[in-house]
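# Chains, contacts and geometry: an overview
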Amino acid sequence: MTGTHVSRKHPRAESIRIRERLTRHIETGVVALAGLIAHGRGEAFDYILGEKTTPSARRAIAAAAASLLLAEHPVLSVNGNVAALCAEELVKLAKASNAKLEVNLFHRLPGREAAIEKLLRDAGAEEVLGVGDAASARIDEVNSDRRMVDPRGILVADVVFVPLEDGDRTEALRRMGKTVIAVDLNPLSRTAQLASITIVDNIVRAMPLLVSEVERLRVRRKEELRTVISEFSNEDALSDAMRRMEERLHALAEKGVYIELNGGR
Ligand code: PTJ
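Each chain carries its own residue numbering, running from 1 in the written order of its sequence. Totals for whole chains, interfaces and linings use every residue, but because this is a predicted model, local features are given only for residues with pLDDT of at least 70 and side-chain atom pairs only at 80 or more, for both listing and counting. Calculation of side-chain values draws on the structure's entire complement of heavy atoms; hydrogens and water are dropped beforehand.

### A closer look at the pairing of strand E6 (residues 179–183)
What counts is decided by this rule: Three exposure classes are used, based on accessible area relative to the maximum for each residue type with a 1.4 Å probe and protein chains only: buried under 20%, partly exposed in between, and exposed over 50%. Secondary structure follows DSSP: runs of H or I at least 4 residues long count as helices, runs of E at least 2 residues long count as strands, and numbering of each begins at the N terminus. Place the viewer so that the strands point away; then a crossover is right-handed whenever the path from the first strand over the helix to the second strand goes clockwise. Two strands are counted as paired when DSSP detects at least two bridges linking them.
For E6, the buried fraction is high: 4 of the 5 residues fall into the buried class. Read from strand E5 (residues 159–163) through helix H6 (residues 167–175) to E6, the crossover connection turns out right-handed. Relative to strand E7 (residues 197–199), E6 runs parallel, the two being bridged by 3 bridges. Directly across from Ala-182, in E7, lies its bridge partner Thr-198.

### Quick look at the site of the ligand
Cut-off, in case you're wondering: Any residue with at least one heavy atom within 4 Å of a molecule or strand is counted as near it. Throughout this description, a polar contact denotes any pair of N or O atoms lying within 3.5 Å of each other; where both atoms belong to protein, one of them has to be capable of donating a hydrogen while the other can accept it, and for residues adjacent in sequence the pair is counted only when both atoms sit in side chains. Cavity: a set of points on a 1 Å grid over the protein atoms alone where a 1.4 Å probe fits but cannot get out. Pocket: an open set with protein on both sides within 12 Å along at least five of seven lines, its lining residues, like those of a cavity, having an atom within 4 Å of a point. In this description, a molecule resides in a pocket or cavity if more than half of its atoms sit within 2 Å of the grid points defining it. Throughout this entry, Asp, Glu, Lys and Arg are counted as charged residues, while Ala, Val, Leu, Ile, Met, Phe, Trp, Tyr, Cys and Pro are counted as nonpolar. The remaining residues, Gly among them, count as polar.
Close contacts around the ligand come from 23 residues, with Gly-80, Phe-106, Arg-112, Arg-146 and Asp-166 the closest. In the environment of the ligand, an oxygen atom lies 3.3 Å from a nitrogen or oxygen atom belonging to the backbone of Glu-165. One of the side-chain N or O atoms of Asp-184 is found 2.9 Å from an oxygen atom in the ligand. One can see that the ligand is located within the largest pocket. At 6 residues, helix H2 (residues 33–49) tops the list of elements feeding residues into the shell around the ligand. In the shell around the ligand, the residues fall into 7 nonpolar, 9 polar and 7 charged.

What follows is the structure, given as structure tokens:
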């Protein structure tokens with residue numbers, strides 16, 4: 001895999017570093033080509049959002065942490081993009097919330113599941129569900145390879161974490177009575193709209209915050225966790241995200257040019 005050639009002084013160094021990580025993982029088979037397109041869509045929304053975690057996303061993170069902690073069978077569904085960007089955080093989250101990690105792909109191409117499993121094991125995972133024949137159960141309502149699930153994982157889960165998801169499965173999982181936690185920078189996506197809890201934030205910012213929140217709430221009584229969840233409204237969270245984008249664009253439009261020649265962004 002090739003290394004980076006971008007100077008740290010580049011005003012968009014972090015964004016380029018993330019892109020490079022994804023493109024490197026095209027070579028390893030972890031990331032699907034469509035994953036690059038998906039990332040580009042996410043980046044565009046992040047640009048409008050201001051590339052910061054909003055107070056409303058923090059409330060969604062708290063509700064997500066409480067749901068994972070109250071779950072009997074929490075499962076973290078892992079796709080190529082999320083594995084490439086956050087393997088270590090996924091393992092930390094699984095350990096902190098006692099959740100299982102399951103590889104579940106939209107594009108189940110030869111070798112991809114094994115490549116993702118390796119990445120997760122290298123990051124410290126002891127068990128990875130959903131690889132190869134282990135994904136022997138089917139959710140018939142799902143119209144993609146994502147219908148293949150592990151009978152020890154997503155099939156029996158009561159809470160499923162589905163970062164960077166395509167809408168079809170979220171709807172099917174909700175219909176099955178499961179709590180679905182999504183991370184999606186696009187508040188208009190079907191996933192964002194249909195999930196029980198949507199964290200409108202970049203996965204690279206949201207994951208460390210979610211791990212810390214699970215660690216912080218772990219010692220709380222179940223009653224307190226239930227209150228955190230009942231005080232959260234996904235409708236309000238999505239409205240907040242859209243309002244934030246609208247207000248930011250409005251403020252920037254008033255200014256016109258907002259990038260200065262001497263280094264401002
Ligand atoms: O690895 P696979 O085969 O399971 O495929 C994974 C992708 C992501 C390609 C697949 O699930 C897909 O096609 O997803 P979509 O339908 O493009 O949806 C992905 C959503 O994630 C979009 O709404 C993007 O805005 C959002 N997104 C992309 N990058 C990020 C993001 N949200 C948060 N953080 C990101 N870094």
